[in-house]
Amino acid sequence: MSIDIDLIIKSFNLALFLISVFLSIQIWFVWKDIDKEVLKKSLVISGSFFKRNCIYVYCFSVFIFIHGFIEEIDQSGIYIKLLGVLTFLCLVLFTYDWYTMLNTSVLKKSIPQELIDLRSVYKRI
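Anyway, here's the lowdown on the structure attached to this text. (Residues numbered from 1 in each chain as written. Predicted model: local features only at pLDDT ≥ 70, side-chain atom pairs only at ≥ 80, totals over all residues. Heavy atoms only, no water.)

**As for the overall build of the chain**
Argument step 1. A tally of regular secondary structure across the chain gives six helices and zero strands.
Argument step 2. Walking the chain from its N terminus toward its C terminus, one meets helices and strands in the order α-α-α-α-α-α.
Argument step 3. Across the 125 residues that make up the chain, the buried fraction comes to 28%.
Argument step 4. Total accessible area on the chain stands at roughly 9200 Å², and carbon and sulfur atoms take up 72% of it. (Helix = DSSP H or I, 4+ residues; strand = E, 2+ residues; numbered from the N terminus. Buried < 20%, exposed > 50% of the residue type's maximum accessible area, 1.4 Å probe, protein only. Areas by Shrake-Rupley, 256 points an atom, 1.4 Å probe, with all protein chains shown as cover.)

**Considerations on the pattern of salt bridges**
Argument step 1. Taken as a whole and assessed by the stated rule, the structure comprises three salt bridges.
Argument step 2. Salt-bridge contacts for Lys81 lead to Asp6; the nearest nitrogen and oxygen are separated by 2.9 Å. Of this pair, Lys81 sits in helix H4 (residues 78–103) while Asp6 sits in helix H1 (residues 2–31), placing them 75 residues apart in sequence.
Argument step 3. On the accessibility criterion, Lys81 (34% relative accessible area) is partly exposed.
Argument step 4. Several salt bridges share partner residues, and in doing so they unite Asp6, Lys10 and Lys81 into one network. (Salt bridge = Lys/Arg side-chain N within 4 Å of Asp/Glu carboxyl O.)

**A word on helix H3 (residues 47–73)**
Argument step 1. For H3, which comprises 27 residues, the first-to-last C-alpha distance of 39 Å matches the rise-based estimate of 39 Å (1.5 Å per residue) to within 8%.
Argument step 2. Three or more residues of H3 are buried, namely Phe49, Asn53, Tyr56 and Phe63. (Expected span 1.5 Å × (residues − 1).)

**Details of the nonpolar core**
Argument step 1. Membership of the largest hydrophobic core comes to 14 residues, with the highest contact counts inside it found for Val30, Ile34, Leu39, Tyr99 and Leu102.
Argument step 2. For this core, the secondary structure elements donating two or more residues are H1 and H4.
Argument step 3. In this structure, Val30 is in contact with Tyr99, Leu102, Asn103 and Val106, ignoring residues within four places of it in sequence. (Core = buried A, V, L, I, M, F, W, Y, C linked by side-chain atoms within 4.5 Å. Contact = heavy atoms within 4.5 Å.)

**Thoughts on the packing of H3 against H4**
Argument step 1. Two elements in contact, H3 and H4, have axes whose closest approach is 9 Å; the angle formed by their N-to-C orientations is 160°. With respect to their mutual orientation, H3 and H4 come out roughly antiparallel. The handedness of the crossing between H3 and H4 is left-handed. (Axes fitted to C-alpha atoms, helices over the stretch in contact; angles between N-to-C directions. Parallel < 35°, antiparallel > 145°, perpendicular 65-115°, else oblique. Left-handed = near helix turned anticlockwise from the far one by under 90°.)

**Section: the side chain of Asp97**
Argument step 1. Considering the arrangement of structural elements, one finds Asp97 in helix H4.
Argument step 2. With a relative accessible area of 8%, Asp97 lands in the buried category.
Argument step 3. At 3.0 Å, the side chain of Asp97 and the side chain of Arg52 are in polar contact.
Argument step 4. Filtering out sequence-adjacent residues up to four positions away, Asp97 remains in contact with Phe49, Arg52, Asn53 and Tyr56. (Polar contact = N/O pair within 3.5 Å; in protein donor to acceptor, adjacent residues only side chain to side chain.)

**Overview of H4**
Argument step 1. For H4, built from 26 residues, the straight-helix expectation of 38 Å at 1.5 Å per residue is met to within 8% by its first-to-last C-alpha distance of 37 Å.
Argument step 2. When we look at burial in H4, the residues that qualify are Ile80, Leu83, Val85, Thr87, Cys90, Val92, Thr95, Asp97, Tyr99, Met101 and Leu102.

Scope: geometric values only; no functional claims are made or implied.
Following this line, the structure appears as structure tokens:
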């Protein structure tokens, strides 16, 4: 039974990690086409965006702190693994919230140059 739960938790962690990587790459692609003035206005107007981000960072920090505390007491517990899942979940929610905010501030929807012309990537390196 514990092997099944362990496999489910590891699979869920892997899925959350891949989602986080995907959203981070999407943010990187969107960042070039952002209208800075629209972004400033939307960030200033949206106080709830700031509050949600503070909650995500607070939960992320608390889960890491509790994870370290419980790990010192009980190294083999399932609670440690569940706190790891909750930490990744907060990170994914934080990244998704930023992606949706940045995606609303995009000037134009274009195909990223990195996908079209690979020479532009090599020039930067």
